Amino acid sequence: MKLKTKIHLFSTLLMLIVLTLTNIGVYFLFEKMAYDTEYNQLSQRSDELTASLSQMNGKTDPSAVLRAYIPPSGAVRIIGAKEGKSPSVQNVEGIQNFQPHLQGNQRYSIDRYEGVPVLTISVPVIWTDGEVVELQMIHLLNDVKQNLKTLILILVAVTLIAMIPIIMSSIALGRIVTQPIEKLMKTMTHSRQSGTYEKIKVPTEGKDEMAQMGRTFNDMMEQLERNFNQQEQFVSNASHELKTPLTVIESYARLLTRRGFDDRAVAKESIGAILSESVRMKEMIEQLLQLARNDEQVAFQFKQVDIYEQVEMTLQPMRQAYDRKFFLAGEGPVLTMTDPEKLRQLLYILLDNARKYSEKEITISISEDEAHISLAVTDYGKGIPEASLPRIFDRFYRVDEDRNRKTGGTGLGLAIAKELANGLGGELQVESVVGVGTTFRLLLPKERILTES
Ligand code: ADP
């Protein structure tokens, strides 16, 4: 069953139940009030009759007294007087044989006589001979029956008339709720079929849940599109970058097959080139895998560490491996919560770049203010042109000159460094002057803000 039909049926049924229950309540309330009124009137009549009977003497005709107080349709009778002294009067055929269901000491009852409600009041009276007899007044409630019938007709009519706007509003409600959902579904189906990221029209002023749902959907589509484009760009960049070393390897391999076995110099050059390109490719693939893992939001494991000690641990192997001066400025310990492995990996990328793109000494300075710990990696190398600075963290971006020189980089290092910095809750900044040098500054928060849910 469609959602629209479900809403429609449910709200109509609910309103029908509410209306029916209200009507049943109204009916019974009216019935009770009608019986109460009739009871009061008959009770008053019986009081008056009792008073008249008490004033009777031996000569008075009891039937005449009873007739004076007979209800408009019903009967009055005396029960329990001695033989021959049980007068009874009635103005409805056959009512003298009617037996009310008075239980115990009950003084009144409501029964049915030929489908009409009958009210009976029974009171004790002292008869002329001093005996206590029972006076019964019986009243057929024809009017009440008629009124109740009319009331039922009115209530049914009111219910039917009220159902018209109820049904209409439930149809409208169903539409209001399902229209945006239908629109969403149509857009999604169309997006799936056409392979595009379509959005739906949402009123800019709309503040209700439906408008919010529409906006969330549009945001989601936008993000999906952005992610898809990024992935596409990444894959195309990656295949393009991998194609270059593969082409070099292929052409040297061909050269080797053609002339390599006869010419030692050609063989040496070819194998050297194949080796260096393979190493470069391996490095690039490792970095690509690293980026893919970062995309999966590999959990960072934060713990309390001394940053000073971590920097020292990163510098030691660099000093060992390269004939270069690496200085550490600042004082330790500098304690904070961070992921030490990821921090060292990040510093290694920055130090390796500083080494690659400069000839002189390299300095890491640690400093702190109230909110941040700052780690600045400074080199006195060739610097980065101002125009390239905004793109330096893009995947595969390399300054043209370095790309042409084929220094062996991949253009992925800083992209990874930036993602690591984000993962550590920090920020990576760059300052560079061509011909003077470059400083990459990592700002780490002192108090880690918990971003994980
Ligand atoms: P690569 O593998 O090429 O080093 P990166 O992403 O680490 O890739 O760096 C991107 C580019 O930024 C480099 O190709 C280089 O042109 C420039 N660059 C990075 N660090 C420095 C630096 N310390 N000094 C000068 N240029 C740099």
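Residues numbered from 1 in each chain as written. Predicted model: local features only at pLDDT ≥ 70, side-chain atom pairs only at ≥ 80, totals over all residues. Heavy atoms only, no water.

Peer 1: How should a nonpolar patch on the surface be read in this particular structure?
Peer 2: On the surface, a cluster of nonpolar side chains totalling about 580 Å² of accessible area is made up of L13, L16, I17, L21, I24 and F28. Positionally, L21 belongs in helix α1 (residues 3-54). (Patch = residues over 30% accessible without salt bridge, like charges linked within 9 Å, V, L, I, M, F, W, Y side chains within 5 Å. Areas by Shrake-Rupley, 256 points an atom, 1.4 Å probe, with all protein chains shown as cover. Salt bridge = Lys/Arg side-chain N within 4 Å of Asp/Glu carboxyl O. Helix = DSSP H or I, 4+ residues; strand = E, 2+ residues; numbered from the N terminus.)

Peer 1: I'm lost on the sheet that holds strand β3 (residues 108-113) in this one. Help?
Peer 2: In sheet architecture, strand pairing relies on hydrogen bonds along the backbone and comes in two forms, parallel and antiparallel. One open sheet holds the five strands; their spatial order is β2-β1-β5-β4-β3, and the pairing between them is antiparallel. Bordering the open sheet on either side are β2 (88-90) and β3, each of which pairs with just one other strand. Direction aside, neighbouring strands of the sheet carry axes that sit 20 degrees apart on average. Sheet analysis places strand β4 (residues 116-126) next to strand β5 (residues 132-140), joined by nine bridges and oriented antiparallel. The partner of T120 across the bridge, within β5, is I138. On top of the sheet, α1 reaches β1 (74-79), β3, β4 and β5; it is set at about 30 degrees to β4, its chief contact. (Pairing = 2+ DSSP bridges. Axes fitted to C-alpha atoms, helices over the stretch in contact; angles between N-to-C directions. Contact = heavy atoms within 4.5 Å.)

Peer 1: Hey, could you run me through helix α9 (residues 413-423) in this one?
Peer 2: The periodicity of an α-helix, 3.6 residues per turn, causes residues three or four places apart in sequence to face the same way. Buried within α9 are the following residues: G413, L414, A415, I416, A417, L420 and A421. Downstream of α9 by a residue or two, G425 has a phi angle that is positive, lying close to 80 degrees. (Buried < 20%, exposed > 50% of the residue type's maximum accessible area, 1.4 Å probe, protein only.)

Peer 1: Before we go on, may I ask you to explain the sheet that holds strand β7 (residues 326-329) in this structure?
Peer 2: Overall, mixed pairing links the five strands, which are arranged β7-β9-β10-β12-β11 in an open sheet. Strands at the two margins of the open sheet, each flanked by one partner only, are β7 and β11 (427-433). In this sheet, adjacent strand axes meet at a mean angle of 15 degrees when their direction is disregarded. Bridge count between β11 and strand β12 (residues 437-445): seven bridges; the pairing is antiparallel. In the sheet register, S432 faces β12, and the bridge partner there is T438. Along the sheet, helix α7 (residues 340-356) makes contact with β7, β9 (362-368), β10 (372-379), β11 and β12, crossing β10 at roughly 25 degrees. In this fold α9 packs onto β11 and β12, with an angle of close to 140 degrees to the strand it touches most, β11.

Peer 1: Help me understand the nonpolar core in this model?
Peer 2: Within soluble globular proteins, side chains that are nonpolar tend to cluster in buried spots. With 48 residues, the main nonpolar core has I307 and V311 as its most contacted residues. Residue contributions to this core peak at seven residues, all from α7. Split by domain, the residues of this core number at least three in each of domain 2 (209-292) and domain 3 (299-445). Setting aside residues no more than four positions away along its own chain, V311 makes contact with L328, L347, I364, I366 and L375. Among the nonpolar cores identified, the runner-up in size contains 26 residues, and V125, W127, L135 and M137 belong to it. (Core = buried A, V, L, I, M, F, W, Y, C linked by side-chain atoms within 4.5 Å. Domains from an automatic or database assignment.)

Peer 1: Hey, could you run me through the environment of E269 in this one?
Peer 2: Relative to the helices and strands, E269 is located in helix α5 (residues 264-295). Take E269: its relative accessible area is 46%, and that puts it in the partly exposed class. When the C-alpha positions of E269 and Y252 are compared, they lie 8.5 Å apart, and in sequence the two are 17 residues distant. At 2.8 Å, the side chain of E269 and the side chain of Y252 are in polar contact. (Polar contact = N/O pair within 3.5 Å; in protein donor to acceptor, adjacent residues only side chain to side chain.)

Peer 1: Even after reading the chapter, I still don't get the side chain of T12, so can you show me in this structure?
Peer 2: Of note, T12 is situated in helix α1. Assessed through its relative accessible area of 15%, T12 is described here as buried.

Peer 1: Got a minute to help me understand the side chain of D111 in this structure?
Peer 2: Its place among the elements puts D111 in strand β3. Summary of buried charges: D111 has no salt-bridge partner, and the nearest side chain of opposite charge, R77, is 8.8 Å away. A polar contact of 3.0 Å, which involves the side chain of D111, links it to the side chain of H101. Here the side chain of D111 touches S109 through a polar contact of 2.7 Å, side chain to side chain. (Lys, Arg positive; Asp, Glu negative; His and termini not counted.)

Peer 1: Before we go on, may I ask you to explain the packing of aromatic side chains in this structure?
Peer 2: The relation between two aromatic rings is expressed through the spacing of the ring centres and the mutual angle of the planes. Counted under the stated rule, the structure contains six aromatic pairs. Between the aromatic rings of F98 and Y113, the centroid separation amounts to 5.8 Å while the plane-to-plane angle is 75 degrees, which identifies the pairing as edge-to-face. Taken together, the residues span a long stretch of sequence, with F98 in the loop between β2 and β3 and Y113 in strand β3 at a distance of 15 residues. Its relative accessible area of 7% is what places F98 among the buried residues. For Y113, a relative accessible area of 14% gives the class buried. With 6.3 Å between their ring centres and 80 degrees between their planes, F393 and F440 make a pair best called edge-to-face. (Phe/Tyr/Trp six-rings, centres within 6.5 Å; stacked < 30°, edge-to-face > 60°.)

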